[in-house]
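Listed here are the chains, written in short residue letters.
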Amino acid sequence: LLSGAIVGITAAIAVITKLTQSVQQSIDTFLRQEDANDMVNDVFGEYSSVINQAANDTQKFTKIGNEEYQELAVQAKNFGIANKDVNQTVRDAIGLADLYGSAGANEELMLEALSDAQNGKTKGLEKYVKELRGVTNEEERNRILQEKIAKGWEMASTAGATYGDQITMITNAAGDM
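Residues numbered from 1 in each chain as written. Predicted model: local features only at pLDDT ≥ 70, side-chain atom pairs only at ≥ 80, totals over all residues. Heavy atoms only, no water.

### Brief notes about the overall build of the protein chain
1) Next: Summing up its helical and strand segments, the protein chain has eight helices and zero strands in all.
2) Next: Going from N to C terminus, the protein chain has its helices and strands arranged as α-α-α-α-α-α-α-α.
3) Next: Partitioning the contacts of the protein chain with sequence separation of at least 6, the portion at a separation of at least 24 is 60%.
4) Next: Total accessible area on the protein chain is roughly 10,300 Å²; 56% of this is exposed by carbon and sulfur atoms. (Helix = DSSP H or I, 4+ residues; strand = E, 2+ residues; numbered from the N terminus. Contact = heavy atoms within 4.5 Å. Areas by Shrake-Rupley, 256 points an atom, 1.4 Å probe, with all protein chains shown as cover.)

### Describing a nonpolar patch on the surface
1) Next: Judged by side-chain polarity, Leu19, Val23, Ile27, Phe30 and Leu31 come together as a nonpolar surface patch covering roughly 440 Å² of accessible area.
2) Next: One can find Leu19 in helix α1 (residues 2-44).
3) Next: By relative accessible area, which is 55% here, Leu19 ends up exposed. (Patch = residues over 30% accessible without salt bridge, like charges linked within 9 Å, V, L, I, M, F, W, Y side chains within 5 Å. Salt bridge = Lys/Arg side-chain N within 4 Å of Asp/Glu carboxyl O. Buried < 20%, exposed > 50% of the residue type's maximum accessible area, 1.4 Å probe, protein only.)

### Points about the nonpolar core
1) Next: Residues Val86, Val90, Leu96 and Met110 are the most contacted members of the largest nonpolar core, which totals 34 residues.
2) Next: Broken down by secondary-structure element, the contributors of at least two residues to this core are α1, α2 (48-61), α3 (66-78), α4 (83-100), α5 (107-118), α6 (123-128) and α7 (138-156).
3) Next: Among the elements that line this core, the one with the most residues is α4, at eight residues.
4) Next: With residues near it in sequence (within four places) discarded, Leu96 still touches Gly101, Met110, Leu114, Leu125, Val129, Leu145, Lys148 and Ile149. (Core = buried A, V, L, I, M, F, W, Y, C linked by side-chain atoms within 4.5 Å.)

### Comments concerning the packing of aromatic side chains
1) Next: As enumerated under the stated definition, the model contains three aromatic pairs in all.
2) Next: An angle of 40° between the planes, with centres 6.4 Å apart, marks the rings of Phe44 and Tyr47 as tilted.
3) Next: Since its relative accessible area comes to 6%, Phe44 is described here as buried.
4) Next: Judged by its relative accessible area of 24%, Tyr47 falls in the partly exposed class.
5) Next: Between the aromatic rings of Tyr100 and Tyr128, the centroid separation amounts to 6.5 Å while the plane-to-plane angle is 45°, which identifies the pairing as tilted. Here Tyr100, found in helix α4, pairs with Tyr128, found in helix α6; they are 28 residues apart in sequence, far enough to count as distant.
6) Next: Taking the relative accessible area as the measure of exposure, Tyr128 reaches 9% and is therefore buried. (Phe/Tyr/Trp six-rings, centres within 6.5 Å; stacked < 30°, edge-to-face > 60°.)

### Focus: the packing of α4 against α7
1) Next: Running from N to C, α4 and α7 cross one another at 80°; their axes reach a closest spacing of 7 Å. The orientation of α4 with respect to α7, classified from their angle, is roughly perpendicular. Contacts between α4 and α7 involve Arg91, Asp92, Ile94, Gly95, Leu96, Asp98, Leu99 and Tyr100 from the first element and Leu145, Lys148, Ile149, Lys151, Gly152, Trp153, Met155 and Ala156 from the second.
2) Next: A per-class count over the contact of α4 with α7 returns nine nonpolar, two polar and five charged. (Axes fitted to C-alpha atoms, helices over the stretch in contact; angles between N-to-C directions. Parallel < 35°, antiparallel > 145°, perpendicular 65-115°, else oblique. Nonpolar A, V, L, I, M, F, W, Y, C, P; charged D, E, K, R; others polar.)

### As for the side chain of Thr58
1) Next: With respect to the element layout, Thr58 can be found in helix α2.
2) Next: With sequence-adjacent residues up to four places away left out, Thr58 is seen in contact with Ile64, Tyr69, Ile94 and Trp153.

### Some details on the side chain of Glu107
1) Next: Within the secondary structure, Glu107 is located in helix α5.
2) Next: No salt bridge is formed by the buried Glu107; its nearest oppositely charged neighbour, Lys63, is found at 7.1 Å.
3) Next: Non-local contacts of Glu107, meaning those with residues more than four positions away in its chain, are made with Ile64, Glu68, Leu72, Ala93, Ile94 and Ala97. (Lys, Arg positive; Asp, Glu negative; His and termini not counted.)

### Topic: α4
1) Next: With 18 residues, α4 should cover 26 Å at 1.5 Å per step; its first-to-last C-alpha distance of 26 Å lies within 8% of that length.
2) Next: Here α4 has its buried residues at Val86, Asn87, Thr89, Val90, Asp92, Ala93, Ile94, Gly95, Leu96, Ala97, Leu99 and Tyr100. (Expected span 1.5 Å × (residues − 1).)

### Regarding the pattern of salt bridges
1) Next: The tally for this structure, following the rule as stated, stands at six salt bridges.
2) Next: In this structure, the salt-bridge partner of Arg143 is Glu140, at a minimum N-O distance of 2.7 Å. On the criterion of helical spacing, the pair formed by Arg143 and Glu140 is a turn pair, its members being three residues apart in helix α7.
3) Next: Taking relative accessible area as the criterion, Arg143 reaches 42% and is therefore assigned partly exposed.

In C-alpha cells:
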C-alpha cells in the first residue's frame, strides 16, 4: 500500500514539474514577444504594423514564431535593408535556412548573407548555395537564388507536417496568449 502511494506521489510530482516548466516556457515566450513588439515599434515606427502582420501571418504556417520573425526584421533593418524590402528578405532568409539547415544555416546567417549579397559580397550565400559559385552573370545568379529561395520557402511553409513542428507551432501560439 505504501509503495503504491509513493508511486502516485512521484507521478503527481512529475506532472506538476512538467506543468510548471510549460507555464514558465509560455511566460518566457510572452515576455520575448513583448520585447520584440517594442523593438519593432521603435525601429519601424508607423511601418511596424506591416512587419507585425507579416510576422503573424508567417507564424501560422511555419515554425518561426512571430517574435522570432520580428527579431529578424529588426536585424534586417540594422543590416540596411529598406523597410519595403524587409519582409521579403526575412521570408527569403527563412526559406534558405530551411533548405540549408542541415549544412548549418540558420535564419540569422541567411539574413546576413542576403544583406551582404545586396552589397556585392556573395561569399556567405556561396557557402551554402554551391550553384552560385563561379556564376558571374547577374541574371543567372538571381535565377538560381530565387529557385533555391522558392524551394526553401515551400519546405518552411509546410511546417506542421511532423509532430515536432506541430508542437513548435502550438508553443508559439500559446506564447502569444
